[in-house]
Amino acid sequence: MTKLLIGLDVDGTIIHYNGDASDRVRKAIGAVVEAGHHVVIATGRSITGTVPIIEMLGLTEGYVVCSNGAVTAQIDRSEPHGYRLLDSITFDPRPVLDRLKGAWPDGLVAIEVIGEGYLVSDHFPEGELLGEVHVVPWDELAQPTTRITFRSPTGTAAEFVELAAGLGLHGVNYGVGYSAWLDINPAGVSKASALEKVREHFAVDAADTVAVGDHRNDIEMLGWAGRGVAMGQAPDDVKAVADEVTGTVEEDGLAQVLESL
């Protein structure tokens, strides 16, 4: 049997918007793992926010790609936090922070701190950031980081797509979420760039890769995969780069794909 490398987004793909995964999806993930395929969690979440997903799915080995590709870790239950950090790619956020300051009336900024949480310019809505969150003066945000998050509780995704285009962000990679949420990563970093390193490690043929995701931070990953699958609720620009479209997260679209393997 050919072993596949399967990259799976988390929010809106593995788990529903209530924060849980259906029994069908959990069973399907367990079945492809048991069959010997390489399942890699590939998420925009921080490593701290990904650990509960690893535990929920009962994964005891394998790799996880976090922070939209800026962080790669290996699942290791013998480690205090349940993983070993393998790679982290940081950048100097100061040029981006200069452009973000005052760019939106109620704009909030978060700087990711690997394995801990975030430094923020002000309090984010409850439950949006996982891990320790510390409000600091603006100047203290300017330290090397894997990711900047820019968020507005009152804006919309469409407004942030327009905002991002007009900010003139150079030397970084960015993506807008379903809400007014902008993730900014080091240049050249994406879920695809991190998954490619994992693929090379396992010596899996490029054609034997599968990826499933639902949003704009999955575009590179879906284009990278031999079989890129967009969830049914994905925006049109995400569906456009996918090889196929499955059911929505409510319809267990991920399970439909995994069961086909």
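Residues numbered from 1 in each chain as written. Predicted model: local features only at pLDDT ≥ 70, side-chain atom pairs only at ≥ 80, totals over all residues. Heavy atoms only, no water.

Here the focus is the side chain of Asp-214. Within the secondary structure, Asp-214 is located in the loop between strand 12 (209–213) and helix 6 (219–224). Here Asp-214 is buried and forms no salt bridge, its nearest opposite-charge partner Lys-191 lying at an N-O distance of 6.4 Å. Of note is the side chain of Asp-214, whose polar atom sits 3.4 Å from the side chain of Gln-233. (Helix = DSSP H or I, 4+ residues; strand = E, 2+ residues; numbered from the N terminus. Buried < 20%, exposed > 50% of the residue type's maximum accessible area, 1.4 Å probe, protein only. Lys, Arg positive; Asp, Glu negative; His and termini not counted. Salt bridge = Lys/Arg side-chain N within 4 Å of Asp/Glu carboxyl O. Polar contact = N/O pair within 3.5 Å; in protein donor to acceptor, adjacent residues only side chain to side chain.)

Time to look at empty space enclosed by the protein. Summed over the entire model, instances satisfying the criterion amount to 1 cavity of 30 Å³ or more. Of the voids in this model, the largest cavity is the one considered here, and its volume is about 30 Å³. Ser-46, Ile-47, Thr-48, Ser-67, Glu-112, Val-113, Ile-114, Gly-115, Glu-116 and Gly-117 together form the lining of the largest cavity. Secondary structure elements with two or more residues in the lining of the largest cavity: helix 2 (47–57) and strand 6 (108–113). Split by residue class, the lining of the largest cavity holds 3 nonpolar, 5 polar and 2 charged. Structurally, the lining of the largest cavity is a two-domain feature, drawing no fewer than three residues from each of domain 1 (5–88 + 189–259) and domain 2 (93–184). (1 Å grid on protein atoms, 1.4 Å probe; cavity = no way out; pocket = protein on both sides within 12 Å on 5 of 7 lines; lining within 4 Å. Points joined across faces, edges and corners; volume = space filled by probe spheres on them. Nonpolar A, V, L, I, M, F, W, Y, C, P; charged D, E, K, R; others polar. Domains from an automatic or database assignment.)

In this model helix 5 (residues 191–202) runs 17 Å from its N-terminal to its C-terminal C-alpha over 12 residues, within 8% of the 16 Å that 1.5 Å per residue would give. Residues of helix 5 that are buried sit in contact with strand 1 (5–8), strand 2 (38–42), strand 3 (63–66), strand 4 (71–75), strand 12 and helix 6. Backbone nitrogen of Ala-192 and a side-chain oxygen of the N-cap are separated by 3.2 Å at the start of helix 5; the cap is Ser-190. Within two residues after helix 5, Ala-203 carries a phi angle of roughly 55 degrees, on the positive side. (Expected span 1.5 Å × (residues − 1). Contact = heavy atoms within 4.5 Å.)

Let's shift gears to the sheet that holds strand 14 (residues 244–245). As summarised here, the arrangement of the 8 strands in space is 5-4-3-2-1-12-13-14, forming an open sheet in which the pairing is mixed. The open sheet has two free edges, formed respectively by strand 5 (83–88) and strand 14, since each of these has just one partner strand. Two elements, strand 4 and strand 5, share 5 bridges in a ladder whose sense is antiparallel. Across the sheet, Thr-72 pairs through a bridge with Asp-87, a residue of strand 5. Packed on one face of the sheet, helix 5 meets strand 1, strand 2, strand 3, strand 4, strand 5 and strand 12 and runs near 160 degrees to strand 3. (Pairing = 2+ DSSP bridges. Axes fitted to C-alpha atoms, helices over the stretch in contact; angles between N-to-C directions.)

The next point concerns the packing of aromatic side chains. This structure, assessed with the given rule, holds 4 aromatic pairs. Geometrically, the ring pair formed by Tyr-63 and Phe-202 is edge-to-face, given 5.4 Å between the ring centres and 90 degrees between the ring planes. Remark: Phe-202 occurs in helix 5 and Tyr-63 occurs in strand 3; sequence separation between them is 139 residues. When the ring of Phe-124 is compared with that of Trp-181, the centres are 6.2 Å apart and the planes differ by 75 degrees; the resulting orientation is edge-to-face. With Phe-124 in the loop between strand 7 (117–120) and strand 8 (132–135) and Trp-181 in strand 11 (residues 179–186), the pair connects residues that are 57 residues apart, well separated along the chain. Using a relative accessible area of 19% as the deciding quantity, one classes Trp-181 as buried. Through a chain of ring-to-ring contacts, the aromatic side chains of Trp-104, Phe-150 and Phe-160 assemble into a single cluster. (Phe/Tyr/Trp six-rings, centres within 6.5 Å; stacked < 30°, edge-to-face > 60°.)

What follows is about the nonpolar core. Formed by 34 residues in total, the largest nonpolar core has its most connected members in Leu-8, Ile-14 and Ile-29. Elements that contribute at least two residues to this core include exactly strand 1, helix 1 (23–34), strand 2, helix 2, strand 3, strand 4, strand 12 and helix 8 (253–259). Per element, the largest residue contribution to this core is 5 residues, and it comes from helix 2. For Leu-8, the residues in contact, after removing those within four places along its chain, are Ile-14, Ile-29, Val-39, Val-40, Ile-41, Ala-42, Val-212, Leu-254 and Leu-258. Ranked by size, the runner-up nonpolar core spans 22 residues in total, among them Val-109, Ile-148, Leu-163 and Ala-164. (Core = buried A, V, L, I, M, F, W, Y, C linked by side-chain atoms within 4.5 Å.)

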